[in-house]
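What follows is the residue order along each chain.
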Amino acid sequence: MMRIRTARRPLFILGLICGLAILTSGAKARPPQSAAVETETQLRAAELLAARERGATPLMDDLRQLCDGIGGRPTGSKACDRAVDWAVARFRAAGVESTWTEAYSVPSSWTGGADHAECLAPVQFPIRVAAGPFTAPTPDGRALEAPLMNAGEGSAESFARLGDKARGSIALVLSPEMKTEADLFAEYGRDAALFEAAQRAGVAAVLVQSTQPGVLLYRHPMELGGGNLPIPGAIAARVQAARLARLSEQGEVRVRLDLPSRVGGAYQARNVVAEIRGRERPEEIVLIGAHLDSWDLGTGAEDNGVNAAMLIDVARSFKALGIVPRRTVRFVLFTGEEQGMLGSEAYVLRHAAEMARHVAMITFDTGSGHTTGFYLNGRDDLRRPIDRALDAVPGMTATDHSLEAIDGTDNFDFLLSGVPNLIARQEWAPYLPNYHAESDVYDAVNPQEARNNAALAAVLVWGLAESPERPAPRQSRAEVEKLLQSSKLDEQMRSLGQWDDWTAGRRGASQ
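I will try to describe carefully the structure that is included in this document.

Criteria and thresholds
Residues numbered from 1 in each chain as written. Predicted model: local features only at pLDDT ≥ 70, side-chain atom pairs only at ≥ 80, totals over all residues. Heavy atoms only, no water. Helix = DSSP H or I, 4+ residues; strand = E, 2+ residues; numbered from the N terminus. Rg over C-alpha atoms; globule rule 2.2 N^0.38 Å. Buried < 20%, exposed > 50% of the residue type's maximum accessible area, 1.4 Å probe, protein only. Contact = heavy atoms within 4.5 Å. Areas by Shrake-Rupley, 256 points an atom, 1.4 Å probe, with all protein chains shown as cover. Lys, Arg positive; Asp, Glu negative; His and termini not counted. Charge placed at Lys NZ, Arg CZ, Asp CG, Glu CD. Pairing = 2+ DSSP bridges. Right-handed = clockwise from strand over helix to strand, strands pointing away. Salt bridge = Lys/Arg side-chain N within 4 Å of Asp/Glu carboxyl O. Phe/Tyr/Trp six-rings, centres within 6.5 Å; stacked < 30°, edge-to-face > 60°. Lys NZ or Arg CZ within 6 Å of the ring centre and 35° of its normal. Polar contact = N/O pair within 3.5 Å; in protein donor to acceptor, adjacent residues only side chain to side chain. Core = buried A, V, L, I, M, F, W, Y, C linked by side-chain atoms within 4.5 Å. 1 Å grid on protein atoms, 1.4 Å probe; cavity = no way out; pocket = protein on both sides within 12 Å on 5 of 7 lines; lining within 4 Å. Points joined across faces, edges and corners; volume = space filled by probe spheres on them. Nonpolar A, V, L, I, M, F, W, Y, C, P; charged D, E, K, R; others polar.

Within the protein, the regular secondary structure consists of 16 helices and 17 strands. Expected size for 511 residues packed as a compact globule is a radius of gyration near 24 Å; at 24 Å, the protein falls within 12% of this value. By its C-alpha atoms, the protein is 80 × 45 × 45 Å across when sized along the principal axes. In the protein, which comprises 511 residues, the share counted as buried stands at 57%. In the protein, of all internal contacts separated by at least 6 residues, the share reaching a separation of at least 24 is 84%. In the form shown here, the protein has an accessible surface area of approximately 20400 Å², with 53% of it arising from carbon and sulfur atoms. Of note, the protein has its 55 positive side-chain charges centred 4 Å away from the centre of its 64 negative side-chain charges.

Listed below in structure tokens is the structure:
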């Protein structure tokens, strides 16, 4: 419900504009505030932050620099390194001098190449393909020529029906078109069993029909357990895969496939960390995070450049307005998210001794869609603190919360460590149609919604950092385990190869 106090609104807006004029005059040197002005700023902080974020800030200019100037930035690439250096410079230019990077080790690298495929018979035509991250290149650095076999939906039964014809073939797997987020999750859930069945059948490579319409391609990680698949795999353009399927019904189809991806050894990646120290409880931390890395076919605007730029802009507003919260606010741009949340896992391991002092963790990772509420990740006790924080600004509501617990973005290792954690529940357009795709570019972003999300994020961070009470207690390991079972995250963790690390104590709460 929108709570707009209409009788007072004109005076509120006039006062807000006057306050902003005082606080933001002089881009480089703001005159010292009196104690009374500082007190007023603290009291009106949420309104001031929201108004500034909805106005003409450099948020979209930063996003343009990141997307157009740097581009797609897989972790381990030179582009990702440039993005890390760029983010450090932007935080410091915003006045956040306490900014640094934290290195962590990634055990292996995967880099895509100039992928190429074509149908050779019974008719010749090109096939647009994009290699799946963590799949093998075609053998010996050469193109593979083989008969194409239609493996249907890619189930074990489908491969078994092919029998000996599957051995040495290029298997075509058909996909429903992606319409909803459930379709996206189903695509990820299919992969482990699909490739296990393909390996047992002895196929030479796998072509998976794109779930995106037309000839749009995207990077779809086909292995998320921390290793690399031993057989080549690629996404094939939807309409061309459908043509191959129809041709296979009439007789033999032969395909040439060249996937010159590269698999390398261990390397060092970096997260970006910036913080505004709290004025009363600096040892307590409210962390807001987004991932800076992306895949490389597009320029990573919706996933997740717009939210990386948003974090920088929220920090800029705190500094420009002279707002210092009760607790420390820490802004973290994680890398390695697309490889399996490697950066956030490394952050939690590095800061394990201070996890008890992390009061809350907030993640934004669904593009520029309108925020309707938050995933509470099994913590119903977080509902009231969110609503209370957002109530500070009339008309700012995002109350459509979900108890669903999420494994798939940078909140996850905080969840395993018992830290109260939230994920912005954003509308899926325009994020979903551009997911990991060539079309994920600057022009896809909704600027007004990006500003609205920045306003909401700033107000929420302020409210949680300023509240006299913690939003919710940290959970014990036993409580986390109960949450994993009740939410069925334990089943998902097993399918993604995460469960053994949890049971062995390599991930998660230690108390």
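Extensive coverage of strand E14 (residues 327–334) is indicated by the burial of eight of its eight residues. Both strand E12 (residues 267–276) and E14 contribute to a ladder of five bridges, which runs antiparallel. Within E14, the position partnered with alanine 274 by the bridge is phenylalanine 331. Here strand E13 (residues 281–291) pairs with E14 via eight bridges, running parallel. Note on E14: the bridge partner recorded for glycine 289 is valine 332. In this view, the connection linking E13 to its parallel neighbour E14 by way of helix H9 (residues 301–321) has right-handed handedness.

Time to look at the pattern of salt bridges. Should their charged atoms come close, side chains of opposite charge can pair. Scanning the model with the defined rule gives 30 salt bridges in all. Between arginine 190 and aspartate 191 there is a salt bridge whose closest N-O contact spans 3.9 Å. Look at arginine 190 and you get buried, because its relative accessible area is 17%. Counted as one network, the salt bridges with shared partners bring together Glu275, Arg277, Arg330, Glu354 and Arg357.

Let us look at the packing of aromatic side chains. Under the counting rule described, the total for this entry stands at ten aromatic pairs. Taking 6.4 Å as the distance between ring centres and 85° as the angle between the ring planes, the aromatic pair formed by tyrosine 188 and tyrosine 435 counts as edge-to-face. Here tyrosine 188 is found in helix H7 (residues 181–201), whereas its partner tyrosine 435 is found in the loop between strand E17 (421–426) and helix H13 (447–466), with 247 residues between them in sequence. Following the ring pairs from residue to residue traces out a cluster consisting of Phe185, Tyr188, Trp428, Tyr431 and Tyr435. Residue placement shows arginine 425 over the ring face of tyrosine 375; its charged tip is 5.5 Å from the ring centre. Here the guanidinium or amino end of arginine 494 rests over the ring plane of tryptophan 499, the centre of that ring lying 4.4 Å away.

Structurally, serine 169 is set in the loop between helix H6 (156–162) and strand E7 (170–173). Separated by 19 residues in sequence, serine 169 and asparagine 150 have C-alpha atoms that sit 9.8 Å apart. The residues touching serine 169, leaving out its near neighbours within four places in the chain, are Ala146, Pro147, Met149, Val203, Ala204 and Ala205. Within polar-contact distance, the side chain of serine 169 engages the backbone oxygen of alanine 166 at 2.7 Å.

This part is about unusual backbone geometry. Residues alanine 121 and proline 122 are joined by a peptide bond in cis, for which omega reads 10°. The topology assignment puts proline 122 in the loop between strand E3 (116–121) and strand E4 (125–127). In this structure, the amide linkage connecting aspartate 303 to the following residue, asparagine 304, adopts the cis form with an omega of 10°. Position of asparagine 304 relative to the elements: it lies in helix H9. Positive phi values are uncommon outside glycine, yet methionine 341 reaches one of about 60°. As for its placement among the helices and strands, methionine 341 is situated in the loop between E14 and helix H10 (342–350). Even without being glycine, histidine 436 reaches a positive phi, approximately 60°.

Right, let's talk about the pairing of E7 for a bit. Covered by surrounding structure in E7 are Ile170 and Leu172 together with Ala171 and Val173, the residues of both alternating faces. Note: strand E6 (residues 144–150) against E7, three bridges, orientation parallel. The residue of E7 that forms the bridge with methionine 149 is alanine 171. Crossover E6 to E7 through H6 is right-handed. Sheet topology note: the E7/strand E8 (residues 205–209) ladder contains four bridges and is parallel. Paired with alanine 171 across the strands is valine 206, a residue of E8. This β-α-β element, E7 to H7 to E8, shows right-handed connectivity.

Further remarks concern the nonpolar core. Judged by nonpolar contacts, the single largest core of 71 residues is most densely connected at Leu333 and Ile362. It is H13 that contributes the most residues to this core, twelve residues altogether. Leave out the neighbours within four places in its chain, and leucine 333 touches Ala87, Phe91, Asn271, Val272, Ala290, Leu292, Ala308, Leu311 and Ile312. Formed by 26 residues, the second largest nonpolar core is a distinct cluster that contains Ile127, Leu144, Leu148 and Ala241.

This part takes up empty space enclosed by the protein. In this structure the tally under the stated criterion is one cavity of 30 Å³ or more. Taken as a whole, the largest cavity holds about 50 Å³ of empty space. Contributing to the lining of the largest cavity are Ser294, Trp295, Asp296, Leu297, Gly298, Thr299, Gly300, Asp303, Glu338, His436, Ala437 and Asp440. Across the lining of the largest cavity, the residue classes tally to three nonpolar, five polar and four charged.

Note that every value here comes from positions in space, so none of it alone points to a role or purpose.
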